Amino acid sequence: MPMNRAHRRLCSSEAWARTTKDRILPWALRDVELGDDVLEIGPGYGANLRVLVDSVARLTAAEIDGDTARLLTERWGDRARVLHADGAELPLEDASYDSVVCFTMLHHVPTAAHQDRIFAEASRVLRPGGTFAGSDSVTSLGFRLLHVRDTMNTLDPRELPARLSAAGFTDVSVDVHPRGGTLRFRATRP
């Protein structure tokens, strides 16, 4: 994972897991029907995964970092399928998931082109009518400071709808949290 030491410490902390459970996921997934088969792209240290695993019938997680994927398999492998895979090149069949989600990870993807390949893969593995949903941070001074010496490629909420549409999605919506700091998106595979 392209993160500095302070960032890794934060993202692997119990405080972050509580923030994810109590604030990030409830806002990001409000009114989203996940279905039974869910794919999470980029679970990182598993703060989202530990909530999702209790919320859906079948959960698959695709994590690009091999060491982190092994850690997730050790901790959650009896309850979730964990793949060591790049979200832009998923070793999954077409139209195999009811929903695809990703939370607070897209800003770690180094280029917009790579992010767009993740969007296209999310569309490919979704069943018709399936939902792609998630959230990410928007830039601020504090956010930039946390990312000193690590990857930070934030999404522009004004450009994201067109990018998701270009990946094949319809019914795209992007909202910025009223207090700022976070955006959420939802899109449907036709």
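Residues numbered from 1 in each chain as written. Predicted model: local features only at pLDDT ≥ 70, side-chain atom pairs only at ≥ 80, totals over all residues. Heavy atoms only, no water.

How would you sum up the packing of aromatic side chains? Please name residues and give values.
Under the defined criterion, the tally for this structure stands at 3 aromatic pairs. Considering the side-chain rings of Phe-132 and Phe-169, the 5.3 Å spacing of their centres and the 20 degrees angle between planes classify their relative orientation as stacked. Here Phe-169 lies in the loop between helix 7 (160-166) and strand 6 (170-176) and Phe-132 lies in strand 5 (residues 126-137), a separation of 37 residues in the sequence. According to the relative accessible area criterion, Phe-132 is buried, its value standing at 0%. What links up through ring pairs into an aromatic cluster is the set Phe-119, Phe-132, Phe-169 and Phe-185. (Phe/Tyr/Trp six-rings, centres within 6.5 Å; stacked < 30°, edge-to-face > 60°. Helix = DSSP H or I, 4+ residues; strand = E, 2+ residues; numbered from the N terminus. Buried < 20%, exposed > 50% of the residue type's maximum accessible area, 1.4 Å probe, protein only.)

I'd like a rundown of the sheet that holds strand 5, residues and numbers included.
Taken together, 7 strands build an open sheet; the order of strands is 3-2-1-4-5-7-6 and the sheet is mixed. Single-partner strands in this sheet number two, and they are strand 3 (81-84) and strand 6. Within the sheet, the average angular offset between the axes of one strand and its neighbour, ignoring direction, is 15 degrees. Judged from the 3 bridges that link them, strand 1 (residues 37-41) and strand 4 (residues 97-103) form a sheet pairing that is parallel. When the sheet's bridge partners are listed, Leu-39 is paired in strand 4 with Val-100. Strands strand 4, strand 5, strand 6 and strand 7 (182-188) of the sheet are contacted by helix 2 (residues 14-28), whose axis makes an angle of about 35 degrees with strand 7. In the packing of helix 4 (residues 66-76) onto the sheet, the strands contacted are strand 2 (58-63) and strand 3, and the crossing angle to strand 3 comes to about 165 degrees. (Pairing = 2+ DSSP bridges. Axes fitted to C-alpha atoms, helices over the stretch in contact; angles between N-to-C directions. Contact = heavy atoms within 4.5 Å.)

An account of helix 5 (residues 112-125) is needed here, citing residue identities and associated values.
Here helix 5 contains 14 residues, and its C-alpha end-to-end distance of 20 Å stays within 8% of the 20 Å for a straight helix at 1.5 Å per residue. Taken residue by residue, helix 5 has His-114, Gln-115, Ile-118, Phe-119, Glu-121, Ala-122, Ser-123 and Val-125 as its buried positions. Summarising the contacts, the buried residues of helix 5 are in contact with strand 1, strand 4, strand 5 and helix 7. (Expected span 1.5 Å × (residues − 1).)

So what's going on with the pairing of strand 5? Residues and values would help.
With 9 of 12 residues buried, strand 5 lies mostly within the body of the structure. Where strand 4 lies against strand 5, 6 bridges are found, and the strand directions are parallel. Looking at the pairing, Ser-99 lines up with Thr-131 of strand 5. For the segment spanning strand 4, helix 5 and strand 5, crossover handedness is right-handed. (Right-handed = clockwise from strand over helix to strand, strands pointing away.)

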